[in-house]
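# Reading the structure
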Amino acid sequence: MRGESWQTAEIPGPKKAHVITDPRIVASLIKRSSRPILVVGGEADEAVVNYAIELSKAVGMPIAATPSTLKAFAERGFKDAHPFSAVEIGERLRDPDWEGLDGSGQYDLALFMGFKYYVSWLILSGLKHFAKRGEGYLTTVSLDPYYQPHASWSLPNLTRERWEENIKGLLHHLGR
Amino acid sequence: MGVKGVKVKLDELETAIGRFKGLEISIGRVVEEIPEEPIGPTPFPSIADLRDWDLKLLRRYRPFYMPFCDLCCLCTFGKCDLTQGKRGACGLDMAAQQSRIVLLACCIGAATHIGHARHLVEHLIEKYGRETPINIGEDAVEIDMPVTTLVTGVKPKTLGDLEMVLDYCEEQLTHLLSCCHTGMEGNNLDFESKVFHAGMIDQIGMEIADAAQISAYGFPRADPEAPFTEIGWGVVDTSKPVILVIGHNVPPAVEIVNYLIDHQLYGQVEVAGICCTAHDITRYNAGAKIIGPISWQLRFVRSGIPDVIVVDEQCIRTNLITEAMKIGAPFIAASEKCCHGLPDRTHDDPDAIVEDLVSGKAPGALILDPDKVGEVAVRVAMEIAPKRRKSGILPSREEVVEWAKRCRRCLECRRACPNDLPIPEALEKAAKGDLSALEALYEDCIGCVRCESACPQGIPIHSLIASAARERMASERFKIRVGRGAVQDVEIRRVGGPIVLGEIPGVVALVGCANYPRGGIEVAEIAEEFARRNYIVVATGCAAMSMAMVKDEEGQTIYEKYPGVFDAGGVLNIGSCVSNPHIAGAAIKIARIFAKRNLRANYEEIADYILNRVGAVGVAWGAMSQKAASIASGFWRLGVPVIVGPHGMKYRRMLLGRREREEDWYVYDARTGDRVYVGPAPEHLFYAAETKEEAMVMIAKLVMRPSDTTKGRAIKLTHWIDLHKRFYGRLPDDLHLYVRRKADIPITMRDEIMKFLEEKGWQERPIPDPTLLKRLIRG
């Protein structure tokens, strides 16, 4: 399946994200990952925050959240959300030597949700080009309802209803 | 003035006061005017002379690149794919390519201001004479051009003196641009150093432009009581002929006003502006009016209100002539940089030009003589206004509904909109007769009109939005102080100490364009928040306009509520884009007036002073242009952090500190030479915030400086923590990094913070006399 950038003119280069055609793909990526992290942006609404918490709890995955969403996580009694702005977490995920949120080292999988389209488009571009991990690069996944060409894997452009079906499907395959 | 024309050229000179490279100074012409102060180590610095300082900054504030394009397509080797470590045919990698593009952008921005300054200076010399004195603040300002003096070592006294400084700027710019050629610079940090140099040169260019126009035109001279003028769509008296001026280079607009005055027509014609020409024409004559920022161009033109449109240069919508033709308004281009395909009528008889424009024989004219523009614009406006219908091309309510019915919900408009506005949903409602959703788009629409280009049905979406908001637009009437220009020396004397000691929590500079993520109201909200907290709020350009376009419950704008003085709680409209160096100049003058540091050619020391002591932050919430990029880079080299809105990420790289990397945050204590940890202050040099709340918390954080006294740090922490708790619901996780002594802790929060610090294992640490420069150690 071919992905098309949600913002028409945001044409990527030769390397484009694989389209997530089935939420089992993401579930498999998460299960195979030794250190995944979920990154939540400033556009996260209540539903995104709730799904993020469910995803985090499903696999014990920490969340780096744009500070403006912290209140929403705290109100739900969720404590594994760490304050990093979009550019701050982007810069750290790029750095192979970053110690991570818990001091145990870098992550091998970063999932993104709750961002303005162009914000994660740019952060993911930075990671695609510069986030070295050994011989390869950090694997990134965009879980927003828009195709993000700079991710390694991305959902396609989806209606809100279809997007929720995909996220619920992912949670199901992660045992929630 | 001393002997003219005596030049000394030194390729390299080592003296007790420093090393001079490539030095060429006209001795007796300018330099001997300030014999009281020795010249510093870097007069007229070349593109590598301040490299060491740049690399110090870049070691702490590392670039994070976010490529906007995976390819390079600048030469015939290309396109080259630079993805994931690949190199182009020339050998360049992606990091270097991104910094190269940033340098290109900054060169474009700097060239624009310097070219603007060159044209302005040439025009003003021709009009007023070479010996016209530089006077930007009467007796209230001793250092007229602090940026120029700081960088070059000279202190221009007359318009004629500005030419040699422009020569220097143009030379540097040529070298910088050459570095972008294939097979030149290859290292990303060296590109970044050159970006800083472009920004510094840009600051001089802007300073020259504003100093020249203030001096020659008699704009407000560092005046805290600069008069008020009106801003907004609704301020124009549509019963009169209306001349709309757009752009940045004000002489044509000035000559329109002069013609009106000279021919006893003043008051019979409305002169209204958009963008910085609007700022500057109101500085010349407060009877002129401001329509709004650049995003107001099309919606105002399509209203049909302008009878004549005069454009000069910069930020003009480039197809405006076609829009002018649609409303039957003659279009006059007044700059050779923007000819718009029009015939050059500069040397034609004004009667013939007026006849052609009024009769419609010609849709417009290129007139490169500001005096002639003044005459033609006024005469055409007066003759054509009675014949024109001012209804424009905004559709009626019924027509909006009919247009909306044509929408096929293909979503192409939304996918073209930079702000992802829900246009299809609004059109769906409008098709049923409910225009409220279309009207609601008005505030967030940046006026780019990409939606119309994308629509396969040809729906004039921008016009539909403007039409739906017609009543709201007509009610736009606000008050704004005209640009005051520089900050007075006496103001610096009053606030220099409190700023450096931290007792005035900071200076917040709201600058830049109108590419806002959620409308200009957010700029007004940021300004209000910090003015209310007794920060000093200064503003220029479109941001200064947007701040004015909000009223409180009592019907007052921020400029009416707060004084225009450079002091705690002041809100200052400094002026247009080229007025930005007055903000840098205020920081520089703090070092000179409060700390008695020498300015002349002493860039590194003063930048070190500002970085470590002056709590100033720039905010370009709607930054769009290459000029905004170069303006920001001028502040970075000077040690002033800049925050941009989310669209600013498209500048494709940030300069970010890493708070947890302790080794990055050591300075020398100038008293002892000891290396001392000072915490991550300021944490970032170039930062993009996703939301206005994030920006506000970051502003409060970035004003902290290593030299803050305990009292000052306590005040700054109070504001930062208060905003953090309000927006994020808790104490900052990194608070312990900013508390140096128990005395730093705000008294009202002592118990809560002490508990937090204990959990972090915090210990007191010394407060040094901070510097990054080993040579400044006294002990």
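Residues numbered from 1 in each chain as written. Chains lettered and ligands numbered in written order. Predicted model: local features only at pLDDT ≥ 70, side-chain atom pairs only at ≥ 80, totals over all residues. Heavy atoms only, no water.

### Some words on the overall build of chain B
- If you tally the helices and strands in chain B, you get 28 helices and 23 strands.
- For chain B, whose C-alpha radius of gyration is 26 Å, the value lies close to the compact-globule estimate of 28 Å for 779 residues.
- Taken over the C-alpha atoms alone, chain B extends approximately 80 × 65 × 60 Å along its principal axes.
- Expressed as a percentage of the 779 residues in chain B, the buried residues total 66%.
- A sequence separation of at least 24 residues applies to 75% of the contacts in chain B between residues at least 6 apart. (Helix = DSSP H or I, 4+ residues; strand = E, 2+ residues; numbered from the N terminus. Rg over C-alpha atoms; globule rule 2.2 N^0.38 Å. Buried < 20%, exposed > 50% of the residue type's maximum accessible area, 1.4 Å probe, protein only. Contact = heavy atoms within 4.5 Å.)

### Let's talk about the sheet that holds strand 15 (residues 536-540) of chain B
All names here are of chain B.
- As summarised here, the arrangement of the eight strands in space is 3-19-22-18-17-14-15-16, forming an open sheet in which the pairing is mixed. Looking at the sheet topology across the chains shown, the edges are occupied by strand 3 (62-65) and strand 16 (571-575). Going from strand to strand, the sheet's axes swing by 25 degrees on average, the running direction of each strand aside.
- One ladder, built from three bridges, connects strand 18 (residues 642-644) with strand 22 (residues 684-688); its direction is parallel. Across the sheet, Val644 pairs through a bridge with Ala688, a residue of strand 22.
- Across the sheet, helix 26 (residues 692-702) touches strand 14 (507-510), strand 17 (616-620), strand 18 and strand 22, and the angle it forms with strand 22 is around 175 degrees. (Pairing = 2+ DSSP bridges. Axes fitted to C-alpha atoms, helices over the stretch in contact; angles between N-to-C directions.)

### A closer look at the environment of B:Val495
Residue and element names in this part refer to chain B.
- Within the secondary structure layout, Val495 lies in helix 19 (residues 489-501).
- Linking Val495 and Ile536, residues 41 residues apart in sequence, is a C-alpha distance of 9.8 Å.
- In this view, Val495 contacts Ile504, Ile536, Phe566 and Asp567; residues no more than four positions away in its chain are not counted.

### A closer look at the nonpolar core
- A:Leu93, B:Leu510 and B:Phe566 are the most contacted members of the largest nonpolar core, which totals 302 residues.
- Here this core gets 15 residues from one element, more than from any other, and that element is helix 5 (residues 188-217) of chain B.
- Not counting residues within four places of it along the chain, the set of residues in contact with B:Leu510 comprises B:Val523, B:Ile526, B:Ala527, B:Val537, B:Val538, B:Ala539, B:Thr540, B:Ala543, B:Met547 and B:Val619.
- Among the nonpolar cores identified, the runner-up in size contains 34 residues, and A:Ala52, A:Ala65, A:Phe78 and A:Leu155 belong to it. (Core = buried A, V, L, I, M, F, W, Y, C linked by side-chain atoms within 4.5 Å.)

### Side note on the packing of helix 2 (residues 94-128) of chain B against helix 4 (residues 162-178) of chain B
All names here are of chain B.
- Where helix 2 contacts helix 4, the two axes come as close as 10 Å, and the packing angle between them is 155 degrees. Comparing the axis directions of helix 2 and helix 4 gives the class roughly antiparallel. Considering the relative orientation of helix 2 and helix 4, their crossing is left-handed. Residues Leu103, Leu104, Cys107, Ala110, Ala111, Ile114, Ala117, Arg118, Val121 and Ile125 of helix 2 touch helix 4, and the partners they reach there are Leu162, Glu163, Leu166, Asp167, Cys169, Glu170, Leu173, Leu176 and Leu177.
- Its residues assigned to classes, the contact of helix 2 with helix 4 shows 15 nonpolar, no polar and four charged. (Parallel < 35°, antiparallel > 145°, perpendicular 65-115°, else oblique. Left-handed = near helix turned anticlockwise from the far one by under 90°. Nonpolar A, V, L, I, M, F, W, Y, C, P; charged D, E, K, R; others polar.)

### Looking at the layout of surface pockets
- Counted as a void, the largest pocket has a volume near 1,200 Å³.
- As for the largest pocket, its lining consists of 46 residues, of which B:Arg450, B:Asn515, B:Met624, B:Ser625 and B:Gln626 are closest to the centre.
- For the lining of the largest pocket, the elements supplying multiple residues, two or more each, are helix 2, helix 8 (297-302), helix 13 (412-416), helix 16 (450-454) and helix 25 (626-637) of chain B.
- Here the lining of the largest pocket is composed, by residue class, of 28 nonpolar, 10 polar and eight charged.
- Together, 30 residues line the second largest pocket, and A:Trp6, A:Pro145, A:Tyr146, B:Arg414 and B:Asp420 are the ones closest to its centre.
- In terms of residue class, the lining of the second largest pocket is built from 14 nonpolar, five polar and 11 charged. (1 Å grid on protein atoms, 1.4 Å probe; cavity = no way out; pocket = protein on both sides within 12 Å on 5 of 7 lines; lining within 4 Å. Points joined across faces, edges and corners; volume = space filled by probe spheres on them.)

### Things to note about the interface of chain B and chain A
- The partner chain A presents 47 residues to the 50 residues of chain B that form the contact.
- For the pair chain B and chain A, the summed buried surface comes to about 4,000 Å²; carbon and sulfur atoms form 55% of the total.
- Per-residue buried area on chain B facing chain A is highest for B:Gln84, B:Arg415 and B:Glu690; these three make up 20% of the total on that side.
- At the surface where chain B touches chain A, the tally comes to eight salt bridges.
- The salt bridge involving B:Arg415 is made with A:Glu4; its shortest N-O contact spans 3.3 Å.
- Where the side of chain B that touches chain A is concerned, the elements lending two or more residues are strand 3, helix 2, helix 13, strand 19 (653-656), strand 22, helix 26 and helix 27 (710-728) of chain B.
- A class-by-class count of the residues in the side of chain B that touches chain A yields 23 nonpolar, eight polar and 19 charged. (Buried area = accessible area lost by both parts, 1.4 Å probe. Salt bridge = Lys/Arg side-chain N within 4 Å of Asp/Glu carboxyl O.)

### Some thoughts on the sheet that holds strand 3 (residues 63-65) of chain A
All names here are of chain A.
- Ordered in space as 1-9-8-5-2-3-4, the seven strands form an open sheet in which the pairing is parallel. Here the strands that pair on one side only, and so sit at the sheet edges, are strand 1 (18-19) and strand 4 (81-83).
- Strand contacts of helix 1 (residues 23-32): strand 5 (109-113), strand 8 (139-142) and strand 9 (153-154), with the helix running at about 140 degrees to strand 5, the strand carrying the most contacts.

### Brief notes about the state of the cysteines
- Counting across every chain of the model gives zero disulfides over all chains.
- Free cysteine B:Cys75: the closest other cysteine sulfur is in B:Cys80, separated by 5.9 Å. (Disulfide = S-S within 2.5 Å.)

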